[in-house]
Amino acid sequence: MAKTPLRLAWPKIPALSALVLSGLLAAAPLATAGTRPADAAMSPSATCTQKSTLAGTHLSDLQIAQYARNNGGLHGNGLIISIAVALAESQGWTQAVLINTDCSRDRGVWQINSFWHSEVTDAQAFNPVTCAQATARISSNGADWTPWTTYNNGAYNQYMSRARTAASQAGG
């Protein structure tokens, strides 16, 4: 898979149903990105209304770190960035989904895009073990986070302190 910098940034869309159900995220950003190569053409000409949903199990920062470390094999700075990216992407919700305007879907804790990474099934994307494994592969074992919009637009930076703490707790 060729790696190129991602240039598209997707806006944050409120997911009122998820907020009502969770009662926990009144001011938290929602699933916002995914993975899309910059030089790739948009998916088929379909147009969808962008919609974000947070669902599934809400993982703690430490749980995200443990999945990334134990199942994705990430360590050091790659582990720290993976945690921060997951928090920026999904806030740690295992079944978070963002339907993009091109009708592709960003799925799971690390918001793996259904069009650009169709090799990752929904079952894999929504399972934190296999999502961490796919994330490690897509990120070149934690060395290249440019496929994630929240990395490119800097949104992950606001979670770096939390990510460092979680990585340290996980033995990072």
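Residues numbered from 1 in each chain as written. Predicted model: local features only at pLDDT ≥ 70, side-chain atom pairs only at ≥ 80, totals over all residues. Heavy atoms only, no water.

Draft legend 1. The sheet that holds strand 2 (residues 97–99), seen in detail. Spatially, 4 strands are ordered 1-2-3-4 in an open sheet, and the strand pairing comes out antiparallel. Unpaired on one side and paired on the other, strand 1 (51–53) and strand 4 (112–113) mark the two borders of the sheet. Both strand 3 (residues 105–107) and strand 4 contribute to a ladder of 2 bridges, which runs antiparallel. Within strand 4, the residue paired with Asp106 across the bridge is Asn113. (Pairing = 2+ DSSP bridges. Helix = DSSP H or I, 4+ residues; strand = E, 2+ residues; numbered from the N terminus.)

Draft legend 2. Highlighting helix 2 (residues 61–70). For helix 2, the full list of buried residues reads Asp61, Ile64, Ala65 and Ala68. Buried positions in helix 2, seen along its axis, are confined to an arc of 100° and lie on one side of it. Looking at the buried positions of helix 2, the neighbouring elements they touch are helix 3 (76–90), helix 5 (128–138) and helix 7 (160–169). (Buried < 20%, exposed > 50% of the residue type's maximum accessible area, 1.4 Å probe, protein only. Arc of directions from axis to C-beta. Contact = heavy atoms within 4.5 Å.)

Draft legend 3. Highlighting the packing of helix 2 against helix 3. As a packed pair, helix 2 and helix 3 sit with axes 9 Å apart at the nearest point and diverge in direction by 130°. Considering their axes alone, helix 2 and helix 3 lie oblique with respect to each other. At the point where helix 2 passes helix 3, the crossing takes the right-handed sense. Contacts between helix 2 and helix 3 involve Asp61, Ile64, Ala65, Ala68 and Arg69 on the former and, on the latter, Leu79, Ser82, Ile83, Ala86 and Leu87. For the contact of helix 2 with helix 3, the class distribution of residues is 7 nonpolar, 1 polar and 2 charged. (Axes fitted to C-alpha atoms, helices over the stretch in contact; angles between N-to-C directions. Parallel < 35°, antiparallel > 145°, perpendicular 65-115°, else oblique. Left-handed = near helix turned anticlockwise from the far one by under 90°. Nonpolar A, V, L, I, M, F, W, Y, C, P; charged D, E, K, R; others polar.)

Draft legend 4. Region of the structure containing the pattern of salt bridges. Scanning all chains against the criterion turns up 4 salt bridges. Between Asp122 and Arg105 there is a salt bridge whose closest N-O contact spans 3.1 Å. Of this pair, Asp122 sits in helix 4 (residues 122–126) while Arg105 sits in strand 3, and the two are 17 residues apart along the sequence. Using a relative accessible area of 32% as the deciding quantity, one classes Asp122 as partly exposed. Among the ionic pairs, Arg137 bridges to Glu119, the shortest N-O distance being 2.7 Å. Taken together, the positions of Arg137 in helix 5 and Glu119 in the loop between strand 4 and helix 4 put the pair 18 residues apart, joining distant regions of the chain. For Arg137, a relative accessible area of 43% corresponds to the partly exposed category. Assessed through its relative accessible area of 41%, Glu119 is described here as partly exposed. Among the ionic contacts, a cluster of salt bridges with common partners joins Arg105, Arg107 and Asp122. (Salt bridge = Lys/Arg side-chain N within 4 Å of Asp/Glu carboxyl O.)

Draft legend 5. Fine view of the environment of Phe115. As for its position among the elements, Phe115 is in the loop between strand 4 and helix 4. The class for Phe115 is partly exposed, based on a relative accessible area of 35%. In this structure the C-alpha to C-alpha distance between Phe115 and Ser104, which are 11 residues apart in sequence, comes to 5.6 Å.

Draft legend 6. Quick look at the environment of Asn113. Within the fold, Asn113 resides in strand 4. Through-space distance from the C-alpha of Asn113 to that of Asn100 is 9.3 Å; in sequence the pair is 13 residues apart. In this structure the side chain of Asn113 is engaged in a polar contact, spanning 2.7 Å, whose partner is the side chain of Asp106. Among the polar contacts listed, one links the side chain of Asn113 to the backbone nitrogen of Trp116, at a separation of 3.0 Å. (Polar contact = N/O pair within 3.5 Å; in protein donor to acceptor, adjacent residues only side chain to side chain.)

Draft legend 7. The arrangement of the state of the cysteines in detail. In the structure shown here, the tally under the stated rule is 1 disulfide. Note that Cys48 is cross-linked by a disulfide to Cys103, the S-S spacing being 1.9 Å. For the disulfide bridge between Cys48 and Cys103, the dihedral angle about the S-S bond is near 105°, and by the sign convention the bridge is right-handed. Note that Cys48 is positioned in the loop between helix 1 (16–22) and strand 1 and Cys103 in the loop between strand 2 and strand 3, a separation of 55 residues in sequence. Looking at Cys48, the relative accessible area reads 27%, which means it is partly exposed. (Disulfide = S-S within 2.5 Å.)

Remember, this is a structural readout, not a statement about activity or role.
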